[in-house]
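# Coordinate inspection notes
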Amino acid sequence: MEINTYALTPKIHEKFMKQAYNEALKAYKKLETPVGAVIVLDGKIIARGHNKRESNQDPTLHAEIIAIKKAAKKLGSWRLTDCDMYVTLEPCPMCAGALIQSRIRNLFFGAFDPKAGAAGSVINILALEKFNHKVEVINGIMEDECSKILKDFFKELRLANKSSNR
């Protein structure tokens with residue numbers, strides 16, 4: 001029987017998801033899709049990231065990738081075996097692959113991504129048995145807040161685009 005660690009320690013998971021949410025707010029202020037991520041080792045945040053795709057015109061600069069690169073640099077290793085990631089939005093296929101490749105232990109995410117989610121929504125890359133590493137996934141942490149920031153962002157973007165087209 002699997003133990004749901006979220007049920008055992010929801011306050012800890014919310015604490016770290018709030019930090020990921022703060023990263024998403026940074027992206028929002030930069031007119032980036034508001035997604036934020038943090039990587040935790042031994043109960044401490046060792047890396048943070050938020051989307052910078054638009055700012056840098058780089059399709060790989062998702063919050064997860066940025067956080068993984070920072071954590072690897074800090075630890076001096078690409079193997080993040082004892083690390084957990086908290087991210088406000090379900091990872092896309094690229095980011096799910098990076099989670100596997102970096103050997104992240106656990107993924108905790110907030111909102112589902114019905115258009116590009118690769119941890120259960122569109123596909124579940126992290127559940128494929130043939131990969132050499134398995135990432136445990138717990139979803140729905142601060143789901144309402146994580147979903148709302150994305151909805152608000154895209155609503156404002158549509159309104160701005162509508163106004164500029166007049």
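Structural notes, computed from the coordinates. Being a predicted model, the structure only gives us computed values, none of them experimental.

## A short note on the packing of aromatic side chains
To describe a pair of aromatic rings, one takes the distance between the centres and the angle between the planes. Taken as a whole and assessed by the stated rule, the structure comprises five aromatic pairs. Ring centres 4.5 Å apart and planes at 10 degrees place the aromatic pair Tyr-86 and Phe-108 in the stacked group. Here Phe-108 lies in strand S4 (residues 106–111) and Tyr-86 lies in strand S3 (residues 83–89), a separation of 22 residues in the sequence. In this structure, Tyr-86 and Phe-108 share a single accessibility class: buried.

## A closer look at the pairing of S3
The buried count for S3 comes to seven of seven residues, which makes it a mostly enclosed element. Pairing of strand S1 (residues 36–41) with S3 involves five bridges; the strand directions are antiparallel. Along S3, the bridge assignment pairs Ala-37 with Val-87. Pairing analysis gives five bridges linking S3 to S4, with the strands arranged parallel.

## Quick look at the pattern of salt bridges
Pairing is possible between side chains that carry opposite charge, provided their charged atoms lie close to one another. The tally for this structure, following the rule as stated, stands at three salt bridges. With a closest N to O distance of 3.0 Å, Arg-105 and Asp-84 form a salt bridge. Placement of Arg-105 in the loop between helix H5 (93–101) and S4 and of Asp-84 in strand S3 is noted, with a sequence separation of 21 residues between them. Take Asp-84: its relative accessible area is 10%, and that puts it in the buried class. Among the salt bridges present, the one from Asp-152 reaches Lys-148, with a minimum N-O distance of 2.7 Å. In this pair, Asp-152 and Lys-148 are both assigned in helix H6 (residues 143–164), four residues apart and thus about one turn of the helix distant. The partly exposed category is assigned to Asp-152, whose relative accessible area is 27%. Classification of Lys-148 by relative accessible area gives partly exposed; the value is 49%.

Scoring rules and cut-offs
- All residue numbers refer to positions counted from 1 along the written sequence of the respective chain.
- Since the coordinates come from a predicted model, pLDDT governs what is reported: local features require at least 70, and pairs of side-chain atoms require 80 or more to be given and counted, while whole-chain, interface and lining totals use all residues.
- The basis for the side-chain values is all heavy atoms of the structure; hydrogens and waters are excluded.
- Any two of the Phe, Tyr and Trp rings considered here, Trp counted by its six-membered ring, make a pair once their centres fall within 6.5 Å; the pair's planes then place it as stacked at under 30 degrees, edge-to-face at over 60, or tilted in between.
- Numbered from the N terminus, helices here are DSSP runs of H or I no shorter than four residues, and strands are runs of E no shorter than two.
- Burial classes: relative accessible area under 20% of the type maximum marks a residue as buried, over 50% as exposed, and values in between as partly exposed (1.4 Å probe, protein chains only).
- Here a strand pair is declared whenever DSSP counts at least two bridges between the two strands.
- The rule for a salt bridge is simple: a side-chain nitrogen of Lys or Arg has to be within 4 Å of a carboxyl oxygen of Asp or Glu.

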